[in-house]
Structure formats: C-alpha cells, structure tokens
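Structural overview for review
This is what each chain is made of:
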Amino acid sequence: MSPTREKYCRISKFFEKSLNTSTDFQIEPLSTKTKNKLITSNVTVPEIDQTVINKIWWYNKLEILFDQGFKKGFLKNVIVHGSYGDMTFTNYSDLDLTLYIDEQIFQNKDLMNSFRNWSERDFFTFMLSVDPLQHHGSFYLWDSLISNYSEDILPIEVYRRSWGVKEIEMNFRHFDCDFPLTETKALSLITCESLLNHKKFFRHGHNMYQMKRYLSNLMLIPAFYYTDVGCPMHKADSFDIFYKEYGDLADPIKEASKIRNNWPKTPSLIRELILGSRKLPFASKLTYISRLGYNNKYIKDDLYENVVPGILPLYKELENRLQI
C-alpha cells in the first residue's frame, strides 16, 4: 500500500471506535498532488420505491428515528443497503445501513456524546427489532469522508443498490484500487484465519447468534478478497466469480449460503426477550445473554459436517495467493 493511501485509510479506524473520537476530529486537507490521484464516482441514492414499501414493515420506525436524529442535529440521511437495500432479504438477513451524519457533531463534545448514546440506545435497539441476531451496528458517512473515501470501508457499488429515507446525490472522491497488496490489508485472509479456531469462536456455545456470526464472516470472504486484489464489488456479485475462481475450495461458502437460504424465523419469545433486555441496566450484556438459549441442532450438525472441514484448505489457498 502506498504511504499516501495508508495515511488516509486510517480514517476507517474511526468506525472501530464506535464514534469514540476527540471533538477536534477532522480529515487533513489534501495536497494538490494528492488530489490529482483521486477519482470521482457519482452515486444517486433514491428514496424507497413506493411499490415495495409495504414489504418493509419497519419503515415507519426508521422514518421516526431519522426525524429524531435530524432534529437533534445528528443526521442528514439514513441509507439502507445489503439485502434490504435490493429487496433480496430472507429470514437470515440482518440490517445493513449507513447513518449519514452531520459533521458538526465532531466539533461539539456534548453533541457527540448525545449522538453516541442515542445511536446505541435507540437506533441499535431498532436494528435488533428487525433482526434480533444482529451482530454489527451501522456504517457511517459524512461530507469530508465522502470527499476522501476508501473502499476498504465499504465498496461504493454498495450505495448504487441502496435506498434512503431521503434521496441524496454523493460524489465520492477516492483512490483507485491498483495499490500493492500487503499482508495487513488482506482482510479476506484475516477473516478466514479467525474462523479456523472454531473451538475458540464457539467458546460460549453454539447458539444461533454465534453460528450466524460465523457464517456471516465466512460469506464476506469473497467480497473482501476482491477488495484485497483491487477490484471492490457488491457482495452479491462476488459469490459466483469467487466460486469459478476457487472451484471446490469455495464449497464451505456455498454450504453457508444454503444454510442462509433455509434459516428459520426467530421465535417471538426470543425476539421479545432480546428487545426486553434493551430496557434494563447493562443492556448490552443482557442482550448477549438472552441469545444464549436459542439453539438449533440441525444447523450445528450441518455446520460441522459441511462447512468447518473446508475452512483450512480455503485458508491455505488464500494465504498462497495473497501473502507477499
């Protein structure tokens, strides 16, 4: 990775800290030389198509939350992507969305703290109401990030297949993807490595939350791989290309996709238990505990018979191709 790109990819660390940043956070202005290395990608995110809005039972809740965030000075938009963005969702689907935030929160400590509390208490609780097994929070965008963007965060193509509470046009300024790969950047390899030690991964049991988390990480590998080699693409597009390139080594990902397609609907009792935990002290811990009792022997057996045995051969091939 070039020193210039390495410097400006550090902004992705912001997401790992859950907005725990200093009030004087800003992106350093780019030099003229650096600006000349950037390319522009224009993306228009439309409002949700009214012909399919009845499929999104939680849309009114999303609108209410957006109005709250807008009035509080937090938000400019909420953009829905992933399987709910292109209407291919199943019982397995979690909620992938981006909060387009107002940069003023970075300059005001009280506003930042208020936003952090609101996004955890109110917004993430809403995400759990859509998918009680949700294992990640929101993505984030803001104006300065869009003008200095890295597709290591999320491929721009994702936003081309999304919809927002409001229509918005975004002009991404970003580095092209033809930078040399480094070991630390090979996210597909890192992700696959994390799945090798399944005993450690499932040290708290093989409940549905942990199994979904395992399968979800596995199914991200194709999209991560093509980002690693300089060809970022929408996750849905990455599977068939990866299957052709990796042949039988991609079998565990194919099996994971089959499990996804047959994933059962979360029982009402489990859903109510998880959402009820959000109203109590130590909500995050109680939410995790409330998931521990939701199990499925058939999925566990399928996981160990058809998925886990293929992880090591896949890892070795990724290592062979991506290590430098």
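Relevant structure appears above.
Cut-offs used in this document
- Residues numbered from 1 in each chain as written.
- Predicted model: local features only at pLDDT ≥ 70, side-chain atom pairs only at ≥ 80, totals over all residues.
- Heavy atoms only, no water.
- Pairing = 2+ DSSP bridges.
- Helix = DSSP H or I, 4+ residues; strand = E, 2+ residues; numbered from the N terminus.
- Contact = heavy atoms within 4.5 Å.
- Axes fitted to C-alpha atoms, helices over the stretch in contact; angles between N-to-C directions.
- Expected span 1.5 Å × (residues − 1).
- Buried < 20%, exposed > 50% of the residue type's maximum accessible area, 1.4 Å probe, protein only.
- Arc of directions from axis to C-beta.
- Salt bridge = Lys/Arg side-chain N within 4 Å of Asp/Glu carboxyl O.
- Bend = angle between axes of the 7 residues up to and from the residue.
- Polar contact = N/O pair within 3.5 Å; in protein donor to acceptor, adjacent residues only side chain to side chain.
- Core = buried A, V, L, I, M, F, W, Y, C linked by side-chain atoms within 4.5 Å.
- Phe/Tyr/Trp six-rings, centres within 6.5 Å; stacked < 30°, edge-to-face > 60°.
- Lys NZ or Arg CZ within 6 Å of the ring centre and 35° of its normal.

The strand order across the open sheet formed by four strands is E4-E3-E2-E5, and the pairing between neighbours is mixed. Each of the sheet's edge strands pairs with one partner strand only, and the pair in question is strand E4 (139-141) and strand E5 (163-164). Across three bridges, the pairing between strand E3 (residues 96-101) and E4 is parallel. The residue of E4 that forms the bridge with Leu 99 is Tyr 140. This element, helix H4 (residues 59-71), spans strand E2 (75-81) and E5 of the sheet and lies at about 155 degrees to E2. Against the sheet, helix H6 (residues 109-130) makes contact with E2, E3 and E4, and its axis sits at roughly 155 degrees relative to E3, the strand it touches most.

On to H4. Taking 1.5 Å of rise per residue, 13 residues should cover 18 Å, and H4 covers 18 Å from first to last C-alpha, within 8% of that figure. Among the residues of H4, Tyr 59, Leu 62, Leu 65, Phe 66 and Gly 69 are the ones counted as buried. Summarising the axial view, the buried residues of H4 lie within an arc of 120 degrees, below the 170-degree limit, and thus occupy one face. Pointing more than 90 degrees away from the buried face of H4 are the exposed residues Asn 60, Ile 64 and Lys 71. At the C-terminal side of H4, Gly 73 shows a positive phi close to 85 degrees.

Turning to the pattern of salt bridges, a few remarks are in order. What the rule picks out here adds up to 12 salt bridges. Across the pair Arg 121 and Asp 122 runs a salt bridge whose closest N-O atoms are separated by 3.1 Å. A relative accessible area of 48% places Arg 121 in the partly exposed class. Here Asp 122 falls in the partly exposed class, since its relative accessible area comes to 25%.

Turning to H6, a few remarks are in order. Its 22 residues give H6 an end-to-end C-alpha distance of 31 Å, which sits within 8% of 32 Å, the value for a rise of 1.5 Å per residue. The principal kink in H6, of about 35 degrees, is found at Ser 119. Its side-chain oxygen 3.0 Å from the backbone nitrogen of Asp 110, Asn 108 forms the N-cap of H6.

In this structure, Trp 58, Leu 62, Phe 123, Phe 126 and Met 170 are the most contacted members of the largest nonpolar core, which totals 89 residues. Phe 123 has contacts with Leu 62, Leu 65, Val 78, Leu 97, Leu 99, Trp 118 and Ser 138, leaving out every residue within four places of it along the chain.

With that settled, consider the packing of aromatic side chains. Counted under the stated rule, the structure contains 26 aromatic pairs. Here the aromatic rings of Tyr 59 and Trp 163 are separated by 5.8 Å at their centres, their planes lie at 55 degrees, and the arrangement is tilted. Of this pair, Tyr 59 sits in helix H4 while Trp 163 sits in strand E5, and the two are 104 residues apart along the sequence. Among the aromatic residues, those joined into a cluster by ring pairs are Trp 58, Tyr 59, Phe 74, Tyr 84, Phe 89, Phe 115, Trp 118, Phe 123, Phe 126, Tyr 140 and Trp 163. The lysine or arginine in question, Lys 212, covers the ring of Tyr 92, its NZ or CZ lying 4.9 Å from the ring centre. The ring of Tyr 243 carries Lys 254 above its face, with NZ or CZ at 5.3 Å from the centroid.

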